[in-house]
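The primary structure of each chain is shown beneath.
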Amino acid sequence: MTERISVGVIGVGSMGAHHARAYTELPQTTLVGIADQDTDAATSVAAEYGTQVLEQSALLDRVDAVSIAVPTAAHAEVARLAIDAGVDILIEKPFVRDPAVGRDLIERANENDVLIQVGHVERFNPAIQTLSDVLADRDVIAVDARRLGPPVDRSIDRSVAYDLMIHDVDILLALLEGAPQSISAVGCHNNRHVTSTLQFDQEIVGTVTASRLTQQKVRECWITASDCLVVVDYIEQTVQIHRHSVPEYVDTDDGVRYRHESITERPTVESGEPLKNELEAFAEAVRERSDPPVSGVDGLRAVEVVRRIDSLATDPTSAIPGSSGGGQPIDTSGLDFSGGV
């Protein structure tokens, strides 16, 4: 077997702890250590996964690559330190809050030959990987994604657009070619429930809804194509293709009844944990010095779109400081919207 990649995790909250666990389970990686300002949490995670707690600078001196799972506000500071140390980074979504900061990080990484992968984990959901094959050579008309759930019992420093909707925005941008030409959005309850519509150049419409107020967990994407309807369930990791819906009237003993006949296909979806798929792809990019499957530019374009959505959905009196507001177009200069999952 090829030599393992030495990795670390900075920030071992709920997501970072999963990164630590997944790295220990992958044959391509060796978890050298973890770092976190919360010493108790770091000690607990290190003990559970058989690694050590290190100061951040010491960790960066010992690894080839690192996952950054600190709060979003600290992403840029930690990422700069890793880049300056020549360490490849997988940085959790959202990449950054300020697009200008993201552009600076990408430029800095390019100058230092450092890879940036952004943690849009749904790209690695086996159902989405199957979806890309299903949609090959099909004319997509509309995409409707819903990511809903009840209130959570932990503090979240982001609106639902940044916390949940960004997953589906990233998938939408990866599936469709070109930048959205227009964006509209509405939100309620301090943007804990947000719906946005994106119009694309090819006359494709995308609708994304995210909520922290819905008393059922839903993670679905419905794709209307010219010849079928494709339904993806992220939780169950399933894909269904509905086609040839034919309405007809049928004579029965009770009279004439109306019914629809249709065919449902269920393509095989390989099982697998999205996070482990993601970290495995990251390790492969580090080893081969190849482009990460979800680059810093991918992460940045998702932030650009979600930032606009959040701004449009926010009451003007509580707008995010520095937000461009609803009247300004998103800045897509220098971003690649060529699509592809």
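Here, the structure is the one placed above.
As a starting point, this report considers the structure included with it. Small disclaimer: the values here were computed from a predicted structure and weren't measured.

The rules behind each value
Residues numbered from 1 in each chain as written. Predicted model: local features only at pLDDT ≥ 70, side-chain atom pairs only at ≥ 80, totals over all residues. Heavy atoms only, no water. Helix = DSSP H or I, 4+ residues; strand = E, 2+ residues; numbered from the N terminus. Buried < 20%, exposed > 50% of the residue type's maximum accessible area, 1.4 Å probe, protein only. Contact = heavy atoms within 4.5 Å. Areas by Shrake-Rupley, 256 points an atom, 1.4 Å probe, with all protein chains shown as cover. Phe/Tyr/Trp six-rings, centres within 6.5 Å; stacked < 30°, edge-to-face > 60°. Lys NZ or Arg CZ within 6 Å of the ring centre and 35° of its normal. Pairing = 2+ DSSP bridges. Axes fitted to C-alpha atoms, helices over the stretch in contact; angles between N-to-C directions. Parallel < 35°, antiparallel > 145°, perpendicular 65-115°, else oblique. Left-handed = near helix turned anticlockwise from the far one by under 90°. Nonpolar A, V, L, I, M, F, W, Y, C, P; charged D, E, K, R; others polar. Expected span 1.5 Å × (residues − 1).

1. Re the overall build of the chain
For the chain, the count of helices and strands is nine helices and 13 strands. Taking all 341 residues of the chain together, the buried fraction comes to 48%. Intrachain contacts of the chain at a sequence separation of at least 6 include 67% that bridge at least 24 residues. Total accessible area on the chain stands at roughly 16100 Å², and carbon and sulfur atoms take up 46% of it.

2. Considerations on the packing of aromatic side chains
Per the stated rule, a full pass over the model turns up zero aromatic pairs. Sitting over the ring of Tyr 234, Arg 147 keeps its end group 4.8 Å from the ring centre.

3. Let's talk about the pairing of strand S8 (residues 193-200)
The two faces of S8 differ: Val 194, Ser 196, Leu 198 and Phe 200 on one face are buried, but His 193, Thr 195, Thr 197 and Gln 199 on the other face are not. With eight bridges joining them, strand S7 (residues 180-188) and S8 adopt antiparallel strand pairing. In the strand pairing of S8, Ala 185 is matched with Ser 196. Taking the residues between adjacent antiparallel strands as the criterion, S7 and S8 are bridged by four residues, where His 189 takes a positive phi near 50°. Here S8 runs beside strand S9 (residues 205-211); their pairing, made up of seven bridges, is antiparallel. Residue pairing for S9: Gln 199 is matched across the bridge by Val 205. Between S8 and the antiparallel strand that follows it, S9, lie four residues; Glu 203 among them carries a positive phi value of about 65°.

4. Quick word on unusual backbone geometry
Omega for the bond connecting Lys 93 with Pro 94 falls within 30 degrees of zero, at -10°, which places this linkage in the cis form. Along the chain, the position of Pro 94 falls in the loop between strand S4 (88-92) and helix H5 (99-111). In this structure, His 189 is a non-glycine residue whose phi angle is positive, near 50°. Assignment of secondary structure puts His 189 in the loop between S7 and S8.

5. Here's the deal with the packing of helix H7 (residues 160-175) against helix H9 (residues 296-313)
Where H7 meets H9, the axes come as close as 9 Å, and the angle between the chain directions of the two elements is 120°. Taken as axis vectors, H7 and H9 run oblique relative to one another. For the crossing formed where H7 meets H9, the hand is right-handed. Between H7 and H9, the residues in contact are Ala 161, Tyr 162, Met 165, Ile 166, Val 169, Asp 170, Leu 173 and Ala 174 and Asp 298, Arg 301, Ala 302, Val 303, Val 305, Val 306, Arg 307, Ile 309 and Asp 310, respectively. The residue inventory of the contact of H7 with H9, partitioned by class, reads 12 nonpolar, no polar and five charged.

6. Here we look at helix H1 (residues 14-25)
Taking 1.5 Å as the rise per residue, H1 with 12 residues should run 16 Å; its terminal C-alpha atoms sit 17 Å apart, in good agreement. Among the residues of H1, those classed as buried are Gly 16, Ala 17, His 19, Ala 20, Arg 21, Ala 22 and Tyr 23. Lining the buried residues of H1 we find strand S1 (5-10), strand S2 (29-35), helix H2 (39-48), strand S3 (65-68), S4 and helix H8 (274-288).

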